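Examining the three-dimensional arrangement
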Amino acid sequence: MGPRRKNVKPCSVNREGSESTKADEPKDYMNQLSHEVLCHIFRYLPLQDIMCMECLSRKLKEAVTLYLRVVKVVDLCAGRWWEYMPTGFTDSSFLTLLRKMPDIEQLYGLHPRYLERRRVRGHEAFSIPGVLEALQACPNLLGVETSHLELVEAIWTYMPQVHILGKFRNRNGAFPIPPENKLKIPIGAKIQTLHLVGVNVPEIPCIPMLRHLYLKWVRLTKPQPFKDFLCISLRTFVMRNCAGPTNSLKYVPLVTGLASARNLEHLELVRVPFLGGLIQHVVEDSWRSGGFRNLHTIVLGACKNALEVDLGYLIITAARRLHEVRIQPSLTKDGVFSALKMAELEFPQFETLHLGYVDEFLLQCKMTNGDLVKYGLADVVENPGIITDIGMKAVNEVFSCIKYLVIYNCPHLHNPNNWITDHSRWTRLVDLTLVRCHAIKLDSFSQFIELLPSLEFISLDQMFREPPKGCARVGLSAGTGIGVSSALVSNQNSNNDNDNNNNHQNNNNPNIHHNNHQHPNDQNEENELRQDGQAEGQQIAAEGNLWSL
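Residues numbered from 1 in each chain as written. Predicted model: local features only at pLDDT ≥ 70, side-chain atom pairs only at ≥ 80, totals over all residues. Heavy atoms only, no water.

Mapping T317 onto the fold places it in helix α11 (residues 308–317). You can call T317 buried: its relative accessible area is 16%. (Helix = DSSP H or I, 4+ residues; strand = E, 2+ residues; numbered from the N terminus. Buried < 20%, exposed > 50% of the residue type's maximum accessible area, 1.4 Å probe, protein only.)

And the structure:
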């Protein structure tokens, strides 16, 4: 007989337990989706996250490969233009990435933190020649967004058909201008917005496509940097604190080129030594054809040769569309607004007026004017505005729809209550800012505020200060040196007039002088008192100067 077999009882399987364990296992929904759906999802994800999915599964890798083949617009910074692109790229890895995207047309976010100028044999790095090679591997590439000076110059040189997308802003700008920051702009460069800060530029050539040009702390190295300047599509032009030619005639092509831009909306000239009266003549020649007629914003600051007629012609030409005007202290005068009042113009869209405008850089900079001149900036010394209450009354009548008013360092304003007239009460004025207007009287200002029905914000800085000892006697307001020399001259003239009158009386009345003859000691005492009075006046004037400093 063979060995006995053990009877094995069949075990009943718990179906409910098995179903519960299957339910606890996570389901892979991603692999259940089709490639088309995955590619649609990838459109809303950053490129860095998409590339990370490539190593998760075979299906996701296939979907990523399919997506890269058909994608046309790629952003390496995920829409954050102020950030840098992901680190870790080399010439070979960047070339491999772009070869996976044969149909790419627009590449945004090409903002490398650092690029080597040249390739080094046997050394893997991220260099300008490597980036150019990768971009040239894309046959359908139309535009690139970048902020690297040397890279954009290389693209203009070796790939002139490629557009520079977005707003080009260099990120290594500084003042004093670093010598390594250089950019040569070719004629007809395909760019719409160029924002340069702390860059050495030979010249500004003809760029038909350019719409917005910002030049801040830019050194123009050629003797005639605006010789070929012509940007017919320009809408914004800002030239602020740039080091250019000192000869005012060299800026004639600049102003004539700006007049040819019929759609120019924003004009800002700060510390630009253009020829006085030049804008007036250019406006007279170009306003019939549309020159300067679409201006929304006019800013003139520290332009030492600018005349009242230059500002007035710009304001009159752009009256219908004008929104904002910022006027430098030397042009903040009664005559400007009196002339505008006589012109009887209407400013239906005007909202913002800044009187005595001084650039923030000049206010915050610790450098003296001599230091700025050493770095190539124009030699300008700003004085306070000389507008009076009569001029402010004209401002009220000219710009009756104003909403925002800023007045900086105008020591000749005294009674704001006199600014308001029965014809215009600034019913739309919302924001009022007064800085260093020391002579304004508090009582008159209080009455002035009560007459503004829509006023919501008031900003007062260095206001209503008591004058130092002796300022009232000399005729000075607190905190300014205006009137020191005139006060001394008036005092000296009054003393001289008194002396002349005395001599005249003495000559005409010899008998009276003989009868009223004084002792020599009395005359000496009188002369000493007169000298003491003159010394006291000089001391008071010195105190006023110290207070202004």
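Additional details are given in the paragraphs that follow.
This brings us to the pattern of salt bridges. Taken as a whole and judged by the stated rule, the model has 12 salt bridges. The shortest N-O distance in the salt bridge between E83 and R80 comes to 3.4 Å. Residue E83 is classed as partly exposed on the basis of its relative accessible area, which comes to 30%. By relative accessible area, R80 is classed as partly exposed at 45%. Residues participating in the shared-partner salt-bridge network are D91, R119 and E133. (Salt bridge = Lys/Arg side-chain N within 4 Å of Asp/Glu carboxyl O.)

Residues of helix α12 (residues 334–343) that are buried include every one of D334, V336, F337 and L340, and no others. Taken down its axis, α12 places every buried residue within 165° of arc, on the same side. Residues of α12 that are buried make contact with α11, β12 (324–327), β13 (352–355) and α15 (389–398). After α12 finishes, the residue E344 shows a positive phi value of roughly 55°. (Arc of directions from axis to C-beta. Contact = heavy atoms within 4.5 Å.)

The next thing to look at is the nonpolar core. By size, the foremost hydrophobic cluster in this structure holds 127 residues, and its most contacted members are L196, F237 and W426. Aside from chain neighbours lying at most four places away, what touches W426 is M392, V395, N396, F399, S400, I402, L405, W419, I420, F448, L452 and P453. Core analysis: the next-biggest nonpolar cluster, separate from the first, contains 9 residues, F175, I177, V197 and C365 among them. (Core = buried A, V, L, I, M, F, W, Y, C linked by side-chain atoms within 4.5 Å.)

Once that is clear, we can look at the packing of aromatic side chains. Following the criterion strictly, the structure yields 20 aromatic pairs and no others. Relative to F399, the ring of F337 has its centre 6.5 Å away and its plane inclined at 80°; by these criteria the two rings are edge-to-face. Of the two residues, F337 sits in helix α12 while F399 sits in the loop between α15 and β14 (404–408), which places them 62 residues apart along the sequence. Looking at F337, the relative accessible area reads 0%, which means it is buried. When the ring of F350 is compared with that of F399, the centres are 4.2 Å apart and the planes differ by 25°; the resulting orientation is stacked. Of this pair, F350 sits in the loop between α12 and β13 while F399 sits in the loop between α15 and β14, and the two are 49 residues apart along the sequence. Just above the ring of W81 sits the side chain of R169; from NZ or CZ to the centre is 4.5 Å. Taking the ring centre of Y84 as reference, the NZ or CZ of R171 above it sits at 4.9 Å. (Phe/Tyr/Trp six-rings, centres within 6.5 Å; stacked < 30°, edge-to-face > 60°. Lys NZ or Arg CZ within 6 Å of the ring centre and 35° of its normal.)

With their axes 10 Å apart at the nearest point, helix α9 (residues 252–259) and helix α10 (residues 278–286) run at an angle of 35° to one another. Crossing hand, α9 versus α10: right-handed. Contacts between α9 and α10 involve V252, V255, T256 and A259 from the first element and L278, I279, V282 and S286 from the second. Broken down by class, the residue content of the contact of α9 with α10 amounts to 6 nonpolar, 2 polar and no charged. (Axes fitted to C-alpha atoms, helices over the stretch in contact; angles between N-to-C directions. Left-handed = near helix turned anticlockwise from the far one by under 90°. Nonpolar A, V, L, I, M, F, W, Y, C, P; charged D, E, K, R; others polar.)

Let's shift gears to the pairing of strand β10 (residues 266–270). Burial analysis of β10 places 4 of its 5 residues in the buried class, which makes it a mostly covered element. With 5 bridges joining them, strand β9 (residues 236–240) and β10 adopt parallel strand pairing. Bridging from a neighbouring strand, R240 pairs with V270 of β10. Traced from β9 through α9 to β10, the parallel crossover comes out right-handed. Here β10 pairs with strand β11 (residues 297–301) via 5 bridges, running parallel. The residue of β11 that forms the bridge with L269 is L300. Handedness of the crossover joining β10 and β11 through α10: right-handed. (Pairing = 2+ DSSP bridges. Right-handed = clockwise from strand over helix to strand, strands pointing away.)

With that settled, the discussion passes to the UniProt feature "domain: F-box" (unreviewed entry) in the protein. Annotation from UniProt places "domain: F-box" (unreviewed entry) at residues 32–65. Helix makes up 68% of residues 32–65 and strand 0%, and the two end C-alpha atoms of the span are 17 Å apart. (UniProt positions renumbered as here; feature names shortened; annotations may be inferred.)

Looking now at unusual backbone geometry. Residue P176 follows F175 across a cis peptide bond; omega there is 5°. Along the polypeptide, P176 turns up in the loop between β4 (163–169) and β5 (191–197). Notably, E344 is not glycine yet its phi reads approximately 55°, a positive angle. Relative to the elements of secondary structure, E344 occurs in the loop between α12 and β13. For E344, a relative accessible area of 70% gives the class exposed. Within the chain, Q462 stands out as a residue other than glycine whose phi angle is a positive 55°. With respect to the helices, strands and loops of the structure, Q462 is situated in the loop between β16 (457–461) and α17 (471–474).

Residue position: Q328 is located in the loop between β12 and α12. With a relative accessible area of 1%, Q328 lands in the buried category. Among the polar contacts listed, one links the side chain of Q328 to the backbone nitrogen of C303, at a separation of 2.9 Å. Excluding residues that lie within four positions of it along the chain, Q328 makes contacts with L300, G301, A302, C303, A306, G356 and Y357. (Polar contact = N/O pair within 3.5 Å; in protein donor to acceptor, adjacent residues only side chain to side chain.)

Take helix α3 (residues 35–42) next. Here α3 has its buried residues at L38, C39 and F42. Viewed end-on, α3 has its buried residues packed into an arc of 100°, placing them on one side of the element.

Tallying each qualifying case throughout the model produces 0 disulfides. Free cysteine C410: the closest other cysteine sulfur is in C437, separated by 5.1 Å. The exposure class of C437 is buried, given its relative accessible area of 0%. (Disulfide = S-S within 2.5 Å.)

Moving on, we come to the confidence of the model for the protein. The share of residues in the protein with pLDDT of 70 or more is 80%, and the mean pLDDT across the chain is 83. Scored below 50 in pLDDT, residues 481–498 shows 15 contacts in the model against residues more than four places distant or in partner chains. Across residues 500–549 the pLDDT falls below 50, and counting only partners more than four positions away or on other chains, this stretch makes 30 contacts in the model. (pLDDT = per-residue confidence, 0-100.)

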